[in-house]
Each structure stands twice: as structure tokens, then as C-alpha cells.
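So you can see what is in the structure, the chains are spelled out below.
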Amino acid sequence: MAVAGAILVTATILIRMQRTKSPRLAIQKLPVQIDVSLQAIRFTESRHGVKQWDLTADRAEYDKNKGRTSLARVNLTILNSSAGEIRVTADRADYDHASKNVSLSGNVQGKSASGLHFTAPQVRYVAARSTLESPEKVNFRGEGLTMEGVGMEWHTKSHKLKLSKVEAEVQPEGARR
Amino acid sequence: MKAMKRMAAVTALLTLLAQSGLAAAPTHGKEPLKIKSNELHADNEKKTATFEGSVVARQGDLTLYTDKLVISYGESGKDLSKVEAFGHVRIVQGDREAVGAHAVYDNKGGRIVLDGSPRVMQGKNLITGKEITYYVDEQRSVVTGGRVEATIYPGEKDAGAKP
């Protein structure tokens, strides 16, 4: 009788142990190609001691092999003391550590200090030329001005803009609401 | 004698134009200026926007074709101060047409000053001169400077027309 009781207790313990699940890993594994993943990051690019741009993002994933950081929910501020800053936001961006170029994509929106807004599917900040470039259609909106075109080259130092296949509408002062 | 007749014709034409009761309320200065071109170069420092290559600018019933159109903004960078066209300028407004090598459009004043062998045509009527001021809303033109030439067909439907 005592033996039967011992067997029953042992069997119950074994069954309960089998039912107990092992705990989940608290941290999910990173994809193999990602070396570092960070939340709420801020990059600052300086040249000759002068700040060129500030970049903040909700998330960043650094891929050492490609020398690239993929960013999500990005805010890029290009600084220029004479012509004022240009702010660009986008859903995603890739920062290339070698060229220091930033490729922004997904709902890209920008605004200059002079009040000129633009939207585009994708825009690339080319560090060597200090330009914002886009091969795709870009829409502009400013006070009394709407404009669209392709092949944008916006020099962020001089604020000179080049655009191709342009369609613009200028509202004279008296016609504005 | 021929020159005198021509002068008389021009005088008559200019008188007709000056007396033209067709002056409409100015509307062009308030209508949007729609521009298409192959390229645009905007310069924030100079406050200019240069449209180049097959430029077509429309404002109301007026269409301007040119090689290059330069829009200058005022000090604030927001108000149009000057619109200037360079190369193969052609202005079409109804049956009135003007051509020249260069034009300056005063949007507020509603006039376009054409130079570089300017000509204004309406129907068969034609005037040429060194410089022609084309009034957009008043549908009249004034020739100034140099030798004026006019060809008018008084008996035609467009007699007394206002090129």
C-alpha cells in the first residue's frame, strides 16, 4: 500500500513537471546581419568642427558588414547658419558610414527656414555635395507657390534648387487668400 | 509721300488705340501664373526662379512662350517683383499675337514691354518698332522709339483692331 502511494505521488510530480512550460527568452534574437540595435538614437555629423546635421530616429540597426545603419521614424536637420536650416522627416532611412550619405524613404517631407515645404517618395542627402537629391517626383509648396518636378538637386548651403520637367503655379500677391 | 502716308496711318492707329473703349477691368494681375518648363533653377540669395527650355507661362487668356523666363521676388522673397522673358518670346492672347527677343512683364501694371525686333499682330494688322508696350487688360499696344511701321487693313473685319 505504501509502495502504491509512493508511485502515485511520483507519477503526479512527473506529470506536473512535464506540463510546466520553459520560460520565453526575454530578449528576441537580432537578425543575423544586424550587429547592434538601438532605440531613440541621435547622430550628429560635424566637419572641421562645424555641425553639419543632426539626425534622430526611434530605432537604429547597425550592420557592420555593410557599414550601414537602418533607421526608423527619422528626423534629419541640416544646419546652415546663413540660409537657415532644412528639416526632413521620413518613415525610414539608411545611413552609410563611409560616404556619410543618408537615403530617406517613405513619406519624406521637408521644410526650409524660408517656409518652402516639399514631399517626395524618397530623398538622398549627399554629404560630399551637401545636396538633397531625388530622381522621383517632388512636390513643393510655399507662400503663393505650388510646384512639382523631377530630378531635384537642392544645395543646402546656398539653398539653390534645380528641378526638371517643372510645372509651377505662382499666385500673385493680390490673389492670395 | 509714302512715309507721310505711313506716319498718318500710325498716328490714326495710335489714336484709335488710345480712344479704345474696350479697356477691361484689370484681371491678369490677380490670376495665377502657371508655368511649365524643362528646367528650373531657383536661387534663394538672388531671390530669383529661372525657368529654362520650352517655357510656357499662362495667366488667364494670355499665354507666353519663351526660351527662358526669370521671375524675381521682392525683398521678402514672397511677392513677384518682375517677370522677364529671354529668347523667342511669343505672346498669344485671343487673336492678338506679339513676338520679340526679350520681354519684361509688369504683372501689377498689366503690361509687357517687348524689344528685340518686336511685332504685334492682330488679324492682318501689324505694327513694328524698336520697343512695344503690350497692354494686357486694355488690349492695346504702344510703339515707342525708333522707326514705327504699321500695316493696317481698314476694310477688313479687323479694321481698327488693336494690335
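Please read all numbers here as calculations on a predicted model, not as lab measurements. (Residues numbered from 1 in each chain as written. Chains lettered and ligands numbered in written order. Predicted model: local features only at pLDDT ≥ 70, side-chain atom pairs only at ≥ 80, totals over all residues. Heavy atoms only, no water.)

A. Structural context of the overall build of chain A. Scanning chain A from terminus to terminus reveals one helix and ten strands. For chain A, the succession of helices and strands along the chain, N to C, is α-β-β-β-β-β-β-β-β-β-β. Each of the 177 residues in chain A was classed as buried or not, and the buried ones make up 36%. Across chain A, contacts joining residues at least 24 apart in sequence account for 34% of those joining residues at least 6 apart. (Helix = DSSP H or I, 4+ residues; strand = E, 2+ residues; numbered from the N terminus. Buried < 20%, exposed > 50% of the residue type's maximum accessible area, 1.4 Å probe, protein only. Contact = heavy atoms within 4.5 Å.)

B. Broad picture of the interface of chain B and chain A. In this assembly, 25 residues from chain B lie in contact with 22 residues from chain A. Between the two partners, chain B and chain A, sit three salt bridges. Two residues, B:E39 and A:K162, come together in a salt bridge whose shortest N-O distance is 4.0 Å. At the boundary of chain B with chain A, the tally comes to six residue pairs in polar contact (both at pLDDT 80 or more). Secondary structure elements with two or more residues in the side of chain B that touches chain A: β1 (33–43), β2 (48–59) and β3 (62–73) of chain B. For the side of chain B that touches chain A, the element with the most residues is β1(B), which contributes eleven residues. Here the residues of the side of chain B that touches chain A are counted per class, giving nine nonpolar, seven polar and nine charged. Pairing analysis gives ten bridges linking strand β10 (residues 160–170) of chain A to β1(B), with the strands arranged antiparallel. From the neighbouring strand, A:K160 faces β1(B), where its bridge partner is B:D43. (Salt bridge = Lys/Arg side-chain N within 4 Å of Asp/Glu carboxyl O. Polar contact = N/O pair within 3.5 Å; in protein donor to acceptor, adjacent residues only side chain to side chain. Nonpolar A, V, L, I, M, F, W, Y, C, P; charged D, E, K, R; others polar. Pairing = 2+ DSSP bridges.)

C. Quick peek at the pattern of salt bridges. In total, this model carries 14 salt bridges over all chains according to the counting rule given. Where A:E148 meets A:K137, a salt bridge forms, and the shortest distance between an N and an O atom there is 3.4 Å. Within this pair, whereas A:E148 is found in strand β9 (residues 145–155), its partner A:K137 is found in the loop between β7 (131–134) and β8 (138–142), the two being separated by eleven residues in sequence. What makes A:E148 partly exposed here is its relative accessible area of 26%. For A:K137, a relative accessible area of 45% puts it in the partly exposed group. Between A:K160 and B:D43 there is a salt bridge, and its shortest N-O distance comes to 3.9 Å. Of this pair, A:K160 sits in strand β10 while B:D43 is found in strand β1, placing the two residues in two different chains. A single network of salt bridges, built from pairs that share partners, joins A:R42, A:K51 and A:D54.

D. Summary view of the pairing of strand β10 (residues 140–144) of chain B. Because side chains alternate across β10(B), one face comprises the buried residues B:S141 and B:V143, and the other comprises B:R140, B:V142 and B:T144, none of which is buried. Connecting the antiparallel pair strand β9 (residues 131–135) of chain B and β10(B) is a turn made up of four residues, with B:Q139 showing a positive phi of about 50°.

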